[in-house]
Amino acid sequence: MLGRLNHVAIAVPDLAAAAAQYRTMLGAEVTEPQALPEHGVTVVFIELPNTKIELLEPLGEGSPIAAFLEKNPSGGMHHVCYEVEDILAARDRLRNEGARVLGSGEPKTGAHNKPVLFLHPKDFNGTLIELEQV
Ligand SMILES: CC[C@H](C(=O)O)C(=O)SCCNC(=O)CCNC(=O)[C@H](O)C(C)(C)COP(=O)(O)OP(=O)(O)OC[C@H]1O[C@@H](n2cnc3c(N)ncnc32)[C@H](O)[C@@H]1OP(=O)(O)O
Ligand SMILES: [Co+2]
């Protein structure tokens, strides 16, 4: 079911500072900030030879990452995103096996304009999983 690792996401308290650090200290190419109000975050991506790094900060009230940053004020690893060919089939299989699919269970459009879903971290060894249909 799982395809490539699409990205590893790091929640940060200050996206501009984190992006500048990746550019200057790590010599990385960083995309321009992308506001995703429907997801309550602003993100940038760092393209690596074998995957991407997503840096994200809260956007607006009720961001789903606000509580995470309260617990981890300097930021931290937030989620991993795996690619799947059929996100609805993946969702149904996971539900049948007892995993919690977050939100309504209907895929939303993610930063790459692809359907995405999230799986509860407590069901996967304390790791929030994002699935992206490619
Ligand atoms: C889709 C656009 C973009 C893209 O790549 O295309 C993105 O990736 S947007 C990413 C931001 N959106 C989301 O993260 C949506 C899914 N996340 C959620 O619904 C929430 O963050 C949730 C439910 C995972 C956690 O919400 P919250 O922290 O408010 O709930 P709790 O405090 O009740 O947490 C429950 C429990 O889980 C632990 N937790 C929370 N977040 C994480 C995490 N990222 N990794 C691991 N564990 C996490 C939290 O500490 C609680 O544990 P406990 O032991 O009970 O204290
Ligand atoms: Co993501």
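Residues numbered from 1 in each chain as written. Chains lettered and ligands numbered in written order. Predicted model: local features only at pLDDT ≥ 70, side-chain atom pairs only at ≥ 80, totals over all residues. Heavy atoms only, no water.

Caption draft 1: Region of the structure containing the overall build of the chain. For the chain, the count of helices and strands is 3 helices and 8 strands. Counting from the amino terminus, the chain carries its helices and strands in the arrangement β-α-β-β-β-α-β-α-β-β-β. In terms of overall dimensions, the chain is globule-like: its C-alpha atoms have a radius of gyration of 15 Å, near the 14 Å expected for 134 residues. Taken along the three principal axes of its C-alpha coordinates, the chain extends 45 × 30 × 25 Å. Counting every position in the chain, which comprises 134 residues, the buried fraction comes to 42%. Considering only contacts within the chain whose residues lie at least 6 apart along the sequence, 54% involve residues at least 24 apart. (Helix = DSSP H or I, 4+ residues; strand = E, 2+ residues; numbered from the N terminus. Rg over C-alpha atoms; globule rule 2.2 N^0.38 Å. Buried < 20%, exposed > 50% of the residue type's maximum accessible area, 1.4 Å probe, protein only. Contact = heavy atoms within 4.5 Å.)

Caption draft 2: Expanded view of the site of ligand 1. Glu54, Pro64, His78, Ala111 and Lys122 are the nearest of the 23 residues found near ligand 1. Between an oxygen atom of ligand 1 and a main-chain N or O atom of Ala111, the distance comes to 2.8 Å. Within the side chain of Glu130, one N or O atom sits 3.1 Å away from an oxygen atom of ligand 1. Contact with the protein chains hides 71% of the accessible area of ligand 1, taken as 1100 Å² for the molecule alone. A total of 3 residues in the shell around ligand 1 trace back to one element, the largest contributor, which is helix α2 (residues 66-71). The residue inventory of the shell around ligand 1, partitioned by class, reads 13 nonpolar, 6 polar and 4 charged. (Near = heavy atom within 4 Å. Polar contact = N/O pair within 3.5 Å; in protein donor to acceptor, adjacent residues only side chain to side chain. Areas by Shrake-Rupley, 256 points an atom, 1.4 Å probe, with all protein chains shown as cover. Nonpolar A, V, L, I, M, F, W, Y, C, P; charged D, E, K, R; others polar.)

Caption draft 3: Region of interest: the coordination of the cobalt ion (ligand 2). Only His7 (NE2), Glu54 (OE), His79 (NE2) and Glu130 (OE) from the protein coordinate the cobalt ion (ligand 2), and they sit 2.1 to 2.4 Å from it. Taken together, the 6 donor atoms surrounding the cobalt ion (ligand 2) define angles of 77 to 171° at the centre, an arrangement classified as octahedral. In primary-sequence terms, the residues that donate to the cobalt ion (ligand 2) follow H-x46-E-x24-H-x50-E. You can see His7 sitting in strand β1 (residues 5-11) and its partner Glu54 sitting in strand β4 (residues 52-58), a full 47 residues away along the chain. For the pair shown, His7 and Glu54 are each scored as buried. (Donors = N, O, S within 2.8 Å, 3.2 Å for Na, K, Ca; no water. Tetrahedral: all angles 85-135°; square planar, octahedral: opposite > 155°, others 65-115°.)

Caption draft 4: Main features of the pattern of salt bridges. Within the structure shown, the criterion is met by 6 salt bridges. For Arg23, the salt bridge goes to Glu32, with nearest N and O atoms at 3.9 Å. Glu32 sits in the exposed class, given a relative accessible area of 59%. Among the charged side chains, a salt-bridge network with shared partners connects Arg91, Asp92 and Glu106. (Salt bridge = Lys/Arg side-chain N within 4 Å of Asp/Glu carboxyl O.)

Caption draft 5: Quick look at the sheet that holds strand β8 (residues 128-133). Read from one edge of the open sheet, 8 strands run β2-β3-β4-β1-β5-β8-β7-β6, paired in mixed fashion. What marks the edges here is a single partner per strand, and that holds for β2 (34-36) and β6 (108-109). Two elements, β2 and strand β3 (residues 41-47), share 3 bridges in a ladder whose sense is antiparallel. Its bridge partner lying in β3, Ala35 is registered against Thr42. Sheet strands in contact with helix α1 (residues 15-24) are β1, β3 and β4, and its direction is about 155° off that of β4. (Pairing = 2+ DSSP bridges. Axes fitted to C-alpha atoms, helices over the stretch in contact; angles between N-to-C directions.)

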